[in-house]
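Residue strings, one per chain:
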Amino acid sequence: MNQLFFVLPILSFILIFFLGIIVFLKNPKGSQNRTFFAFSLSLLWWLVVNFIVDYIKDLSISFRFSQLAAIGPIIAAPLFFYFSLIFPRSEKKPTKIQVFFILFFCVILLILVPTKFNVEKVWSEEWGVNFKPGWLYYFLGLYLASYFILIFKNLFIVYKKANSLEKTQIEYLLLGLFFTLTIGLITNLGLPLVGYNRLVTLGPSLSVLPFVGFVAYAIVSKHLFEIEVILTEILVGAIGTLLLFQIFMAQNTFWKMTNSLMFILFFIFGWLLTKYTFREIKRREEAEKLSQAKTEFLSIVSHQLRTPLTAIKGYLSMILEGTYGKVPIVAQKPLENIYASNERLIRLVNDFLQVSRLETGKIDIELKKTNLESLIRSTVDELWIKTKEKGLYLKFEKPKEQIPEILVDKEKIRQVVLNLIDNAIRYTSVGGINISLEKRKNYVRIIVKDSGEGLEKEEAERLFKSFSRGAAGQKMWTEGAGLGLYIAKKLVELHKGKIWAISEGKQKGSTFYVELAIQ
Amino acid sequence: MKNKILIIEDEKILAEMYKEKFEAEGFDVFLAFDSQEGLEVAKKEKPELILLDILLPSENGVYLLQKIKKDNNISKIPVIAFSNYDDQKTKNEAMELGAIDYIIKANHTPQEIIEKIKNYLKK
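What you see as residue numbers is a count from 1 along each chain, following the sequence as written. Chain letters start at A and ligand numbers start at 1, both assigned in the order the entries are written. In view of the model being predicted, local features appear only for residues whose pLDDT reaches at least 70, and side-chain atom pairs are presented and counted only at 80 or more, with totals across whole chains, interfaces and linings using the full set of residues. Based on all heavy atoms of the structure, the side-chain values leave hydrogens and waters out of the count.

## Quick look at the overall build of chain B
What counts here: Secondary structure follows DSSP: runs of H or I at least 4 residues long count as helices, runs of E at least 2 residues long count as strands, and numbering of each begins at the N terminus. In this scheme, a residue with accessible area under 20% of its type's maximum is buried, one over 50% is exposed, and one in between is partly exposed, where area comes from a 1.4 Å probe on protein chains only. Note on contacts: a residue pair qualifies if any of its non-hydrogen atoms lie within 4.5 Å across the two residues. Note on areas: these come from Shrake-Rupley sampling with a 1.4 Å probe, and a residue is covered only by the protein chains present in the view.
For chain B, the count of helices and strands is 5 helices and 5 strands. For chain B, the sequential pattern of α-helices and β-strands runs β-α-β-α-β-α-β-α-β-α. Evaluated residue by residue, chain B yields a buried proportion of 51% over its 123 residues. Pairs at least 24 residues apart make up 62% of the contacts formed inside chain B by residues separated by at least 6 positions. Of the roughly 5800 Å² that chain B leaves accessible, carbon and sulfur atoms contribute 46%.

## Observations concerning the sheet that holds strand β4 (residues 393-396) of chain A
Residues and elements named next belong to chain A. Operational definition: A strand pair is defined by DSSP finding two or more bridges across the two strands. The axes are straight lines fitted to the C-alpha atoms, using for helices just the contacting stretch, and the angles between their N-to-C directions are given from 0 to 180°.
One open sheet holds the 5 strands; their spatial order is β4-β6-β7-β9-β8, and the pairing between them is mixed. The open sheet has two edge strands with one neighbour each: β4 and β8 (498-503). The sheet shows a mean angle of 15 degrees between the axes of neighbouring strands, taken without regard to direction. Judged from the 7 bridges that link them, strand β6 (residues 432-439) and strand β7 (residues 443-450) form a sheet pairing that is antiparallel. The residue of β7 that forms the bridge with Glu438 is Arg445. In the packing of helix α12 (residues 372-389) onto the sheet, the strands contacted are β4, β6 and β7, and the crossing angle to β4 comes to about 170 degrees.

## With respect to the packing of aromatic side chains
Residues and elements named next belong to chain A. Convention followed: Pairs were defined over the aromatic rings of Phe, Tyr and Trp, the Trp ring being its six-membered one, requiring ring centres within 6.5 Å. Orientation was assigned from the angle between planes: stacked under 30 degrees, edge-to-face over 60, tilted for the rest.
Counting across every chain of the model gives 22 aromatic pairs over all chains. Considering the side-chain rings of Phe36 and Phe83, the 5.8 Å spacing of their centres and the 55 degrees angle between planes classify their relative orientation as tilted. Placement of the pair is Phe36 in helix α2 (residues 31-55) and Phe83 in helix α4 (residues 71-86), with a sequence separation of 47 residues. Like Phe36, the residue Phe83 is buried in the burial classification. Here the aromatic rings of Phe100 and Phe104 are separated by 6.0 Å at their centres, their planes lie at 20 degrees, and the arrangement is stacked. Of this pair, Phe100 and Phe104 are both found in helix α5 (residues 96-112), 4 residues apart, which corresponds to roughly one turn of the helix.

## What about the nonpolar core?
Residues and elements named next belong to chain A. As a reminder of what qualifies: What we call a nonpolar core is a set of buried Ala, Val, Leu, Ile, Met, Phe, Trp, Tyr and Cys residues that are connected through their side-chain atoms within 4.5 Å.
Ile74, Phe80, Tyr143 and Leu177 are the most contacted members of the largest nonpolar core, which totals 50 residues. Among the elements of the structure, α1 (2-26), α2, α4, α5, α6 (135-161), α7 (164-193), α8 (203-222) and α9 (228-249) are those that each provide at least two residues to this core. When residues in this core are grouped by element, the largest group, 10 residues, is from α6. The residues contacting Tyr143, other than those within four sequence positions of it, are Pro73, Ile74, Ala77, Pro78, Phe105, Cys106 and Leu109. Val355, Val380, Val416 and Leu463 belong to the second largest nonpolar core, which has 44 residues in total.

## Details of the pairing of strand β5 (residues 101-104) of chain B
Stated formally: By the criterion used throughout, a crossover qualifies as right-handed when its path from the first strand across the helix to the second strand runs clockwise, the strands pointing away from the viewer.
Side chains Asp101(B) and Ile103(B) project from β5(B) onto one buried face, and the interleaved Tyr102(B) and Ile104(B) project onto a second face that is buried too. Of the crossover connections in this fold, the one passing from strand β4 (residues 79-83) of chain B over helix α4 (residues 88-96) of chain B to the parallel β5(B) is right-handed.

## Thoughts on the environment of Val99(A)
Structurally, Val99(A) can be placed in helix α5. Put simply, Val99(A) and Pro78(A) are 21 residues apart on the chain and 9.5 Å apart in space, counted from C-alpha to C-alpha.

## Considering helix α1 (residues 12-24) of chain B
Under the convention used in this document: One fewer than the residue count of a helix, multiplied by 1.5 Å, yields its expected span. This arc is built from the directions going out from the helix axis to the C-beta atoms.
Its 13 residues place the ends of α1(B) 18 Å apart at the C-alpha level, agreeing with the 18 Å of an ideal helix rising 1.5 Å per residue. Along α1(B), the positions that sit buried rather than exposed are Leu14(B), Ala15(B), Met17(B), Tyr18(B), Lys21(B) and Phe22(B). In a view along the axis of α1(B), the buried residues occupy a sector of 165 degrees, so they form one face of it. Away from its buried face by more than 90 degrees, α1(B) exposes Lys12(B) and Ala24(B). The elements touched by buried residues of α1(B) are α10 (253-320) of chain A together with β1 (4-8), β2 (28-32), β3 (49-52), β4 and α5 (110-122) of chain B.

## Looking at the pairing of strand β2 (residues 129-133) of chain A
Counting buried positions along β2(A) yields 4 of 5 residues, so the element is predominantly enclosed. Remark: 4 residues form the turn of the hairpin made by strand β1 (residues 119-124) of chain A and β2(A), two consecutive strands paired antiparallel; Gly128(A) in that turn has positive phi of roughly 155 degrees.

## Let's talk about the packing of α5(A) against α6(A)
Residues and elements named next belong to chain A. Let me state the cut-off plainly: Roughly parallel covers angles under 35 degrees, roughly antiparallel covers those over 145, roughly perpendicular covers 65 to 115, and oblique covers all other angles. Working rule for handedness: look at the near helix, and if it is turned counterclockwise from the far one by less than a right angle, call the crossing left-handed; if clockwise, right-handed. Residues were grouped as follows: Ala, Val, Leu, Ile, Met, Phe, Trp, Tyr, Cys and Pro as nonpolar; Asp, Glu, Lys and Arg as charged; and all remaining residues, including Gly, as polar.
It is the contact of α5 with α6, at a shortest axis distance of 12 Å, that shows an interaxial angle of 155 degrees. It follows from the interaxial angle that α5 and α6 lie roughly antiparallel. Between α5 and α6 the crossing geometry is left-handed. Contacts from Ile102, Phe105, Cys106, Leu109 and Leu112 of α5 reach α6 at Trp135, Leu136, Phe139, Leu140, Tyr143 and Tyr147. When its residues are assigned to classes, the contact of α5 with α6 shows 11 nonpolar, no polar and no charged.

## Observations regarding the environment of Ala340(A)
Residues and elements named next belong to chain A. Relative to the helices and strands, Ala340 resides in helix α11 (residues 329-359). With relative accessibility at 42%, the residue Ala340 sits in the partly exposed group. In sequence terms Ala340 and Lys313 are 27 residues apart; their C-alpha atoms lie 9.2 Å from each other.

## A word on the pattern of salt bridges
Heads up, the rule is: Salt bridges are identified by distance alone: a Lys or Arg side-chain nitrogen within 4 Å of an Asp or Glu carboxyl oxygen.
Summed over all chains, the structure comprises 24 salt bridges over all chains. With a shortest N-O distance of 2.8 Å, Lys21(B) and Glu321(A) are connected by a salt bridge. Linking Lys21(B) in helix α1 with Glu321(A) in the loop between α10 and α11, this pair reaches from one chain into another. Note that Arg440(A) and Glu438(A) form a salt bridge whose closest N and O atoms lie 2.6 Å from each other. Taking relative accessible area as the criterion, Arg440(A) reaches 32% and is therefore assigned partly exposed. Through salt bridges with shared partners, one network takes in Glu321(A), Lys21(B), Glu25(B) and Lys118(B).

## Quick look at the confidence of the model for chain B
How we decide: A residue's pLDDT is the confidence the predictor assigns to it, expressed on a 0 to 100 scale.
Predicted confidence across chain B gives a mean pLDDT of 92, with 100% of residues reaching 70 or more. Among the scores for the predicted complex, ipTM is 0.92 and pTM is 0.57.

Structure follows, in structure tokens:
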């Protein structure tokens, strides 16, 4: 146990020190990097001072240091609060009122730190130095808990708007903070409340290790600060250093030899781990570069394909509009057919590009409060002419109750609705399409019901796969590559929603449902 | 008085097509085929609106947009990014730099683009 009290703080110190330095050096001008570094320093203060309290022999110095230990968390908490405002994007700043209260409580607490309100007295025990906390000590617990609530709140708010990578980064930060808070409150507040102070000086080391662990894992797996390679080396070096230290501290030849063997084994595995990490990271970077190159290639190719199609579309539309004089009647229909075919090509290019992006996960969604009723109404207006040309009706039923605005990517959901209605138009020859919008308890439901060809059960199940059409699609002359529903499904899934279709059978129409959570 | 429009577009066939259509709708149209020329024409003619292609020879349209926004003489001219390059990152960059819209050319007829521009000019 005594060895644990010695080794753990040293290990924590090395890990936090180097993590802070590396993050800072990665981008010394970055506010996130500088704030994280300052936060690391305040944690180090807490670790070092508690270590000194346990190992210094002079009780009067121990007493002083046990009071000064509180400086670390007093400063760490507002620093991490500021970090939670600017991570992962430096978009927010604390308000003037927030700055006032942060400084006010900080100054008051720092003034009271070297007083008996914090630590009343210390004395020696068999296991080390014990202490009697004052009321300020418990107030500090409340102070820290309040900051943690604010930090969690800030990170949750950012989480909702974050992209997938940022979400993972925040998840790891939150997990690390949760464990840090739980362990710290138990060892340094909960147990002292019932008179058990043995773990107080070990508390900092125990509580910050999970935080360091989760941040480290986030760095390794998801490029938190892009320093995963160096971190692996630091970790291996730190543990190796401690094992080497253990060799010299060993009490007898047996333990010297055992520790030496452990050191040699660790050295070999550490070297292999570092080598493997280098290789993995290099492989991941190459895959990322390849994916990026593929995305750029797709964008360039679609740009190149679209350019001549734009010229055809533009000139044809001008001819049909009469810009070059009245179009001969015999030429009208052929020109319209060319225009329609060109439009089909443009749609194909758009769909292929979108499917490629969906497949490679290169589509992000921008969530904004959206009025779904207006969105559907405008989409219906857009497609009304198309249904009229086919002799079908297209109706949007006004919702029975007020539909709240929900957080969605407006353009993506507009495309989902467009694709569903477009699909319904294609597979309906008689009758028409009804669109409705319903509010349920935690979600809204968009319903697109047609009087078209209908589906067998097996068809409904595979309908949302790419390049898939129902049997009607193969029988009827329908344009399109079967991507519309697949794209709709992927876009709905990006919103963590649901999409499905039901039909009572052939010639009995189909109903498509989309559910989106109310946020 | 006619509204002046500057179209910065390197594809000559498209540039001429839009020029023809816009002039037929009563606009005074200036063309530029690369970013350097575009910047010079913008400073000289001070159009009411700029249609800016993104994939331009030698310099990307986003960089040109940056330069336009940094020049006090022309920074207030509304710019519509006008391209077949459908890249979300580029679109975000253009909008953050102050473009008022990002139009994919292939998705609109020249008449539809004119309607959009007329709406923007009314504002």
